[in-house]
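Next come the chains, spelled out residue by residue.
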Amino acid sequence: MPERSVRRRSRGALAALAALSCLGTAVLAGCDSGSDSTTKGASAGHPSAAAAPVWDRSPGSVAAVGDSITRGFDACSVLADCPEVSWSTGTDSAVNSLAVRLLGASGAADHSWNHAATGARIAELPEQMALAAKEDPALVTVMIGANDACRDSVRAMTPVADFRRSFEASMRQLRDTAPKAQVYVSSVPDLKRLWSTGRVNQLGKQIWKLGICKSMLADADDMSASAVTRRSEVQDRVVAYNGVLREVCAKDVRCRYDGGAVFDYRFTGKQLSQWDWFHPGRNGQARLAEIAYRNVTAARPPA
């Protein structure tokens, strides 16, 4: 979740039920139209069964957008991307990524794409979505927002209203080119829990001093009232971002939010990078892949 400048210094939820029919106002191209026989029968005044669910539990291709977590940052070596261990599209057998679980190893190699970028914030998501849409993917995975909270100061965090506008723009960007692509949206991880878990490691805290997530990780052992307040403000902003992700996703019947599963996951030292004790390591990436696969293939979206 670091900014690109940090690396330079160091080196140098289907929320609406799928049974909605396509009779009325379209919701972000969520229902098939025109040629659907069920729609024709209903529009002619004849009774018909409810439209079939639009969520495909076995999509045939995967494109990933997001930030450093989806790039596998710090999972294989210090302050470097390692996309082969990405929870979404990675090829590492120890991780068993979402793409591999859905498509098999050979299918994932040919039909998955990773457009995430280390340091990315929500304002960059529309551009990533445009790149993903060009692949005509069956499924797009989204994990974004940590860098919007991980700023040099609390004041510099992305305002919630701006976060909403950028995510809405990202969904529109995708729908302009890939109207039937499904979208799986991961919640932003609990940054305060990651601070609490990682601060026991002295090496990790030295890496944090390079500038990783200063709003949360700066002065990691400072338990003064001001430091506690600062971390709580970051935590509250993450919760607000997750609310936006949930609400915007709920307006699109081809979008499924994880129900807060990643935010709620209790990462331990075993799941964190052995270098920065903040980003997921291989084990953590595998846990993220498990969560995603469970939610993507579930008959119903997470509660």
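Residues numbered from 1 in each chain as written. Predicted model: local features only at pLDDT ≥ 70, side-chain atom pairs only at ≥ 80, totals over all residues. Heavy atoms only, no water.

Student: Is there a simple way to think about the environment of Thr-141 in this case?
Tutor: Summarising the element assignment, Thr-141 is placed in strand E3 (residues 139-143). Sequence separation of Thr-141 and Gly-66 is 75 residues, and the distance between their C-alpha atoms is 8.1 Å. In this structure Thr-141 touches Val-62, Ala-63, Ala-64, Val-65, Trp-87, Ser-88, Leu-98 and Tyr-184, once residues within four positions along its chain are discounted. Polar side-chain contacts of Thr-141 include one of 2.8 Å to the side chain of Ser-88. (Helix = DSSP H or I, 4+ residues; strand = E, 2+ residues; numbered from the N terminus. Contact = heavy atoms within 4.5 Å. Polar contact = N/O pair within 3.5 Å; in protein donor to acceptor, adjacent residues only side chain to side chain.)

Student: In this structure, what is going on with the pairing of E3? I would like to understand it.
Tutor: Successive side chains on a regular strand alternate, one facing one side of the sheet and the next facing the other. Most of E3 is tucked away: five of the five residues are buried. On E3, burial covers both faces: Leu-139, Thr-141 and Met-143 on one face and Val-140 and Val-142 on the other are all buried. Sheet analysis places strand E1 (residues 62-66) next to E3, joined by five bridges and oriented parallel. Following the sheet pairing, Val-65 is matched in E3 by Val-142. Here E3 runs beside strand E4 (residues 182-185); their pairing, made up of four bridges, is parallel. In the strand pairing of E4, Val-140 is matched with Val-183. (Buried < 20%, exposed > 50% of the residue type's maximum accessible area, 1.4 Å probe, protein only. Pairing = 2+ DSSP bridges.)

Student: What is the right way to look at the nonpolar core in this model?
Tutor: Across soluble globular proteins, nonpolar side chains show a tendency to be buried alongside one another. Trp-87, Val-142, Phe-167, Val-185, Leu-191 and Phe-278 are the most contacted members of the largest nonpolar core, which totals 69 residues. The element best represented in this core is helix H10 (residues 225-250), accounting for seven residues. (Core = buried A, V, L, I, M, F, W, Y, C linked by side-chain atoms within 4.5 Å.)

Student: Hey, could you run me through the packing of aromatic side chains in this one?
Tutor: Each aromatic ring pair is described using two quantities: the centre-to-centre distance and the angle formed by the ring planes. Scanning the model with the defined rule gives three aromatic pairs in all. When the ring of Phe-163 is compared with that of Tyr-241, the centres are 4.2 Å apart and the planes differ by 10°; the resulting orientation is stacked. In this pair, Phe-163 is assigned in helix H6 (residues 160-177) and Tyr-241 in helix H10, connecting sequence segments 78 residues apart. The pair Phe-163 / Tyr-241 is uniform in exposure class, with both members buried. Centroid distance Trp-208 to Phe-278: 6.4 Å. Interplanar angle 75°. Geometry classified as edge-to-face. With a gap of 70 residues between them, Trp-208 in helix H8 (residues 202-208) and Phe-278 in the loop between helix H11 (261-264) and helix H12 (282-297) connect regions that are remote in the sequence. Comparing Trp-208 with Phe-278, the two get one shared label, buried. (Phe/Tyr/Trp six-rings, centres within 6.5 Å; stacked < 30°, edge-to-face > 60°.)

Student: I keep staring at the sheet that holds E1 and nothing clicks. Help me out?
Tutor: Strand pairs in the sheet, formed through backbone hydrogen bonds, run parallel or antiparallel to each other. Across the sheet, which stays open at both edges, the five strands sit in the order E2-E1-E3-E4-E5 with parallel pairing between neighbours. For this open sheet the edge positions go to strand E2 (112-114) and strand E5 (255-257), each flanked by a neighbour on one side alone. Direction aside, the axes of adjacent strands within the sheet are offset by 15° on average. Where E1 and E2 come together, three bridges link them in parallel fashion. Looking across to E2, one finds that Ala-63 is bridged to Trp-113. Sitting on the sheet, helix H3 (residues 98-111) touches E1, E2 and E3, and the angle it makes with E2 is about 90°. In the packing of helix H4 (residues 125-134) onto the sheet, contacts are made with E1 and E3, and the angle to E1 comes to roughly 165°. (Axes fitted to C-alpha atoms, helices over the stretch in contact; angles between N-to-C directions.)

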